[in-house]
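# Inside the fold
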Amino acid sequence: MPRLKPDVQRARREHILDAAQQCFARTGFHRTSINDICKAAGVSPGAVYVYFDSKEALMAGISERDRAEFAERLAALATAPDFMEALRQLGEQYFLEEPVDTHRMCIDIGLEATRNPRIGEIHQRFDRFIVESFETLFQNMKNEGRIAPVLDIPTVVKVFMVISDGMFWRRAVDPNFDPQAVMAAVVHLVAELLKPVSVSGATSAAAKTA
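Residues numbered from 1 in each chain as written. Predicted model: local features only at pLDDT ≥ 70, side-chain atom pairs only at ≥ 80, totals over all residues. Heavy atoms only, no water.

Formed by 31 residues in total, the largest nonpolar core has its most connected members in Leu 77, Phe 83, Leu 87, Phe 134, Phe 138 and Leu 194. Beyond its immediate chain neighbours, meaning those up to four positions away, Leu 194 contacts Phe 83, Met 84, Leu 87, Phe 138, Ile 147, Ala 148, Pro 149 and Val 156. (Core = buried A, V, L, I, M, F, W, Y, C linked by side-chain atoms within 4.5 Å. Buried < 20%, exposed > 50% of the residue type's maximum accessible area, 1.4 Å probe, protein only. Contact = heavy atoms within 4.5 Å.)

The subject of this paragraph is helix H6 (residues 100–112). Along its 13 residues, H6 runs 18 Å from first to last C-alpha, staying within 8% of the 18 Å computed at 1.5 Å per residue. Burial in H6 covers these residues: Thr 102, His 103, Met 105, Ile 107, Ile 109, Gly 110 and Glu 112. Of the surrounding secondary structure, the elements contacted by the buried residues of H6 are helix H1 (6–27), helix H4 (55–78), helix H5 (83–97), helix H7 (117–143) and helix H8 (153–173). (Helix = DSSP H or I, 4+ residues; strand = E, 2+ residues; numbered from the N terminus. Expected span 1.5 Å × (residues − 1).)

Moving on, we get to the environment of Ala 113. Tracing the sequence through the fold places Ala 113 in the loop between H6 and H7. The class of Ala 113 is buried, set by a relative accessible area of 16%. Between the C-alpha atoms of Ala 113 and Gln 124, which are 11 residues apart in sequence, the distance is 8.3 Å. Once residues within four sequence positions are removed from consideration, Ala 113 is found in contact with Ile 119, Gly 120 and His 123.

Bringing the packing of aromatic side chains into the picture now. Evaluation of the coordinates by the stated rule reveals nine aromatic pairs. When the centroid spacing of 6.2 Å and the interplanar angle of 80° are considered together, the rings of Phe 95 and Phe 168 count as edge-to-face. Pair noted here: Phe 95 is in helix H5 and Phe 168 is in helix H8, with a separation of 73 residues, a long-range link. Across this residue pair, the class does not change: Phe 95 and Phe 168 are buried. With a centroid separation of 5.6 Å and an interplanar angle of 35°, the aromatic rings of Phe 134 and Phe 138 are classed as tilted. Of the two residues, Phe 134 and Phe 138 are both situated in helix H7; the distance of four residues between them amounts to about one turn of the helix. On the basis of relative accessible area, Phe 134 is assigned to the buried category, the value being 4%. (Phe/Tyr/Trp six-rings, centres within 6.5 Å; stacked < 30°, edge-to-face > 60°.)

Bringing a nonpolar patch on the surface into the picture now. Where nonpolar side chains cluster on the molecular surface, the patch consists of Val 150, Leu 151 and Val 159 and spans about 260 Å² of accessible area. Along the chain, the position of Val 159 falls in helix H8. Look at Val 159 and you get partly exposed, because its relative accessible area is 33%. (Patch = residues over 30% accessible without salt bridge, like charges linked within 9 Å, V, L, I, M, F, W, Y side chains within 5 Å. Areas by Shrake-Rupley, 256 points an atom, 1.4 Å probe, with all protein chains shown as cover. Salt bridge = Lys/Arg side-chain N within 4 Å of Asp/Glu carboxyl O.)

Here we come to the packing of H1 against H4. Close contact between H1 and H4 brings their axes to 10 Å; oriented N to C, the two are set at 105°. Between H1 and H4, the angle falls in the class roughly perpendicular. On the side of H1, the interface is formed by Arg 13, Glu 14, Ile 16, Leu 17, Asp 18, Ala 20, Gln 21 and Phe 24, while H4 contributes Lys 55, Leu 58, Met 59, Gly 61, Ile 62 and Arg 65. Along the lines of polarity and charge, the residues of the contact of H1 with H4 split into seven nonpolar, two polar and five charged. (Axes fitted to C-alpha atoms, helices over the stretch in contact; angles between N-to-C directions. Parallel < 35°, antiparallel > 145°, perpendicular 65-115°, else oblique. Nonpolar A, V, L, I, M, F, W, Y, C, P; charged D, E, K, R; others polar.)

So, on to the state of the cysteines. Per the stated rule, a full pass over the model turns up zero disulfides. In this structure Cys 38 is not part of a disulfide, and its nearest cysteine sulfur, from Cys 23, lies 9.3 Å away. According to the relative accessible area criterion, Cys 38 is buried, its value standing at 5%. In this structure Cys 106 is a free cysteine whose sulfur lies 16 Å from that of Cys 23, the closest cysteine sulfur available. Its relative accessible area of 29% is what places Cys 106 among the partly exposed residues. (Disulfide = S-S within 2.5 Å.)

Quick look at helix H2 (residues 34–41) now. All of the buried residues in H2 are Ile 34, Ile 37, Cys 38 and Ala 41. The arc that holds the buried residues of H2, viewed along the axis, is 100°, so those residues lie on one side. Positive backbone phi, approximately 70°, marks Gly 42, located one or two places after H2. (Arc of directions from axis to C-beta.)

With that settled, consider unusual backbone geometry. With the exception of glycine, the majority of residues adopt a negative phi angle, and the majority of peptide bonds are in the trans configuration. The phi dihedral of Lys 195 falls on the positive side, at around 55°, and the residue is not glycine. Topologically, Lys 195 is positioned in the loop between helix H9 (179–194) and helix H10 (199–209). The exposure class assigned to Lys 195 is partly exposed, which follows from its relative accessible area of 32%.

Written out as structure tokens, the structure is:
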């Protein structure tokens, strides 16, 4: 058989990951079989195993894809002229626009991570990446005089993650939860946590450290 072109291989791999994510979101990681994923993708098991040797490998692929998407969004956040407005928009992307099934899948994977060591490694690696990314972002902003939090940056990030996880969990499990109704309050809480500095204040702080 002739080898597939790289762009065709990438497209097939992405298609299989999409199908796996849909299945994990719908029925949970543990209850989903490779055959379920094959049916959803319209491919044979052999076609799946060309790219992924297990459900765990599929989850790793989904995780890496999400990680790359998050890195792009965070890079845009870091350079935004109005940081809090950009952070609000990022929150809306994750807490309002993403399908609720995606949140349920994330919670399911978090629980699976406590039982399955390989999933645990994938989950912890992704979580560390998120935490370290925000620590770097907030520390840089503090150094630049753009925020002036009272708490140390690692603690700020821990509290920030608790707020984010709470939004994630509530939207996943409560069919009556309206994240839009509390978004303004959440942004206010985060602003109190970060203590953003006005542009003039940031300029003055930067001048003092120059």
